[in-house]
Amino acid sequence: MPNITNYDIDIKKIMDTTTTDFSEAICHGMIVSELAILVARELRCDEKFCNDIAMAGMLHDIGKLKLSEELHRERSEAMVVEKMKYVRMHAKFSRDILSAKDFNNDILSMIYHHHENYDGSGYPDNISGTDIPLGARIIRVCDVYAALISDRSYRKAFSEKVAVELMIDEARHFDIKVFLAFQRVIHSDEYEKVRKLTGKRTDDAAESFLRENYQLVVVDNDEIN
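Because the structure is a prediction, the values reported are computed rather than measured.

Enquirer: What am I meant to see in the overall build of the chain here?
Expert: Helix and strand counts for the chain stand at 13 helices and 0 strands. Counting from the amino terminus, helix and strand elements in the chain follow one another as α-α-α-α-α-α-α-α-α-α-α-α-α. Expressed as a percentage of the 225 residues in the chain, the buried residues total 50%. Summed over its atoms, the accessible surface of the chain is roughly 10,900 Å², and 47% of this surface lies on carbon and sulfur atoms.

Enquirer: Sorry if this is basic, but what is going on with the environment of Ile132 here?
Expert: Along the chain, Ile132 falls in the loop between α7 (105–112) and α8 (134–148). For Ile132, a relative accessible area of 1% corresponds to the buried category. Taking C-alpha positions, Ile132 is 8.7 Å from Met110, a pair spaced 22 residues apart along the chain. Look past the residues within four positions of Ile132 in its chain and what remains in contact with it is His113, Glu116, Asn117, Tyr118, Ile127 and Arg137.

Enquirer: Would you mind going over a nonpolar patch on the surface with me for this structure?
Expert: A cluster of nonpolar side chains, Phe158, Val162 and Leu166, forms an exposed patch at the surface whose accessible area comes to about 190 Å². With respect to the helices and strands, the residue Leu166 is situated in helix α9 (residues 160–169).

Enquirer: Is there a simple way to explain the side chain of His60 in this structure?
Expert: Relative to the assigned elements, His60 resides in the loop between α3 (47–59) and α4 (69–72). Under the relative-accessibility criterion, His60 is labelled buried at 0%. Apart from the residues within four sequence positions on either side, His60 is in contact with His28, Gly29, Val32, His90, Ser94, Ile111, His114, Ile139 and Asp143.

Enquirer: What is the right way to read the packing of helix α6 (residues 90–99) against α7 from this model?
Expert: Helix-helix packing: each pair is described by the crossing angle between the helix axes and the interaxial distance. Running from amino to carboxyl end, α6 crosses α7 at an angle of 165°, the nearest separation of the two axes being 8 Å. Considering the angle they form, α6 stands roughly antiparallel to α7. Relative to α7, the crossing made by α6 is right-handed. Of α7, the residues touching α6 (which contributes Ala91, Lys92, Ser94, Arg95, Leu98 and Ser99) are Leu108, Ile111 and Tyr112. A class-by-class count of the residues in the contact of α6 with α7 yields 5 nonpolar, 2 polar and 2 charged.

Enquirer: Help me understand the nonpolar core, please; the structure alone is not making it clear to me.
Expert: Where a protein is soluble and globular, its nonpolar side chains tend to be buried together. By size, the foremost hydrophobic cluster in this structure holds 51 residues, and its most contacted members are Leu35, Ile138, Tyr145, Met167 and Phe182. Listed by contribution, the elements that provide at least two residues to this core are α2 (22–42), α3, α6, α7, α8, α9, α10 (176–186) and α11 (192–197). The dominant element in this core, judged by the number of residues it contributes, is α2, at 11 residues. Discounting residues that sit within four places of it in the chain, Phe182 has contacts with Leu35, Val39, Val141, Tyr145 and Met167.

Enquirer: Even after reading the chapter, I still don't get the pattern of salt bridges, so can you show me in this structure?
Expert: Side chains that differ in sign of charge can pair as their charged atoms come close. If you walk through the whole model with that rule in mind, you get 13 salt bridges. The partner of Arg137 in a salt bridge is Asp175, with the nearest N and O atoms 2.6 Å apart. You can see Arg137 sitting in helix α8 and its partner Asp175 sitting in the loop between α9 and α10, a full 38 residues away along the chain. A single burial state applies to Arg137 and to Asp175, both of which are buried. Among the ionic pairs, Arg172 bridges to Glu170, the shortest N-O distance being 3.2 Å. Residue Glu170 is classed as partly exposed on the basis of its relative accessible area, which comes to 32%. Taken together, the salt bridges that share partners define one network made up of Lys48, Asp52 and Asp106.

Enquirer: What is the right way to read the side chain of His113 from this model?
Expert: Here His113 shows up in the loop between α7 and α8. Residues within four places of His113 in sequence aside, it is in contact with Asp125, Ile127, Ile132, Pro133 and Ala136.

Enquirer: What should I look at first to understand the state of the cysteines in this one?
Expert: Using the criterion set out here, one finds 0 disulfides in the structure. Unpaired in terms of disulfides, Cys45 finds its nearest cysteine sulfur in Cys50, a separation of 5.8 Å. Assessed through its relative accessible area of 18%, Cys45 is described here as buried.

Conventions and cut-offs
Residue positions within a chain follow its written sequence, with the count starting from 1. It should be noted that, the model being predicted, local features are given only for residues of pLDDT at least 70 and side-chain atom pairs only at 80 or more, the latter also being counted only at that level, while totals for whole chains, interfaces and linings use all residues. The side-chain numbers reported here are obtained from all heavy atoms of the structure, hydrogens and water having been left aside. Every helix listed is a DSSP run of H or I at least four residues long, and every strand listed is a run of E at least two residues long, numbered separately from the N terminus. For every residue, the accessible area obtained with a 1.4 Å probe (protein chains only) is divided by the maximum for its type, and the residue is called buried under 20%, exposed over 50%, and partly exposed between those limits. Only the protein chains shown count as covering a residue, and every accessible area follows the Shrake-Rupley method with a 1.4 Å probe. Any two residues whose heavy atoms approach within 4.5 Å are treated as being in contact. Each patch groups residues whose relative accessible area exceeds 30% and which form no salt bridge, using 9 Å between like charges and 5 Å between nonpolar side chains of Val, Leu, Ile, Met, Phe, Trp and Tyr. For this document, the term salt bridge refers to a Lys or Arg side-chain nitrogen within 4 Å of an Asp or Glu carboxyl oxygen. For helices, the axis comes from a line fit to the C-alpha atoms of the stretch in contact; other axes are also lines fit to C-alpha atoms, and the angle between any two N-to-C directions lies between 0 and 180 degrees. Each angle receives one of four descriptions, namely roughly parallel if under 35 degrees, roughly antiparallel if over 145, roughly perpendicular if within 65 to 115, and oblique otherwise. Left-handed is the label given to a crossing in which the near helix is rotated counterclockwise from the far helix by less than a right angle, and right-handed is the label when the rotation is clockwise. Residues are grouped as follows: Ala, Val, Leu, Ile, Met, Phe, Trp, Tyr, Cys and Pro are nonpolar; Asp, Glu, Lys and Arg are charged; all remaining types, including Gly, are polar. What is meant by a nonpolar core is a set of buried Ala, Val, Leu, Ile, Met, Phe, Trp, Tyr and Cys residues, joined one to another through side-chain atoms within 4.5 Å. Pairs of cysteine sulfur atoms within 2.5 Å are identified as disulfides in what follows.

Note that every value here comes from positions in space, so none of it alone points to a role or purpose.
Set out below in structure tokens:
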């Protein structure tokens, strides 16, 4: 993971503005960020792009902190349509929070579009194919995988093998070139660093990772609330 020095994060403010799910959210961002940069390198993207996607991967879900704790925590019962629509606003919230901190447009675009599907069935703008920024297409794949291999309140983590099988069943959602690069990465030696992150599940681990790997922004309480 690169040491990114273009931004300045206030660790205490981030810790102070978290919900009880903060550690899980940060660990998810760690996995997405690390995996996304490996996929970007596999696709021979330049170093600026790799730095941007590392940042975008880490912060792509920061808008969820703007949601109420009940909405932020996934539950076993189905959400009503109104709640789901609200949850789907988190990509816009993420972009708006980071835009106010002067993150560059490439990072903002990756974050805003990270739930778009290649077949046009995603959100927030229902765009498809190469109209979706490459960084967002990469994060989309990494985000789904990271979620599948992680424990959730309503299920245990899937094995890596089952996670990939589930993703193959939904392959229409992904850019096939990105998905194939992702598969090469998870079968490479480099993937071991991602595998090690899946065991980190404490606030101390999350804070330690941020201190070691990032000098970021972020979030004032009045921007989250």
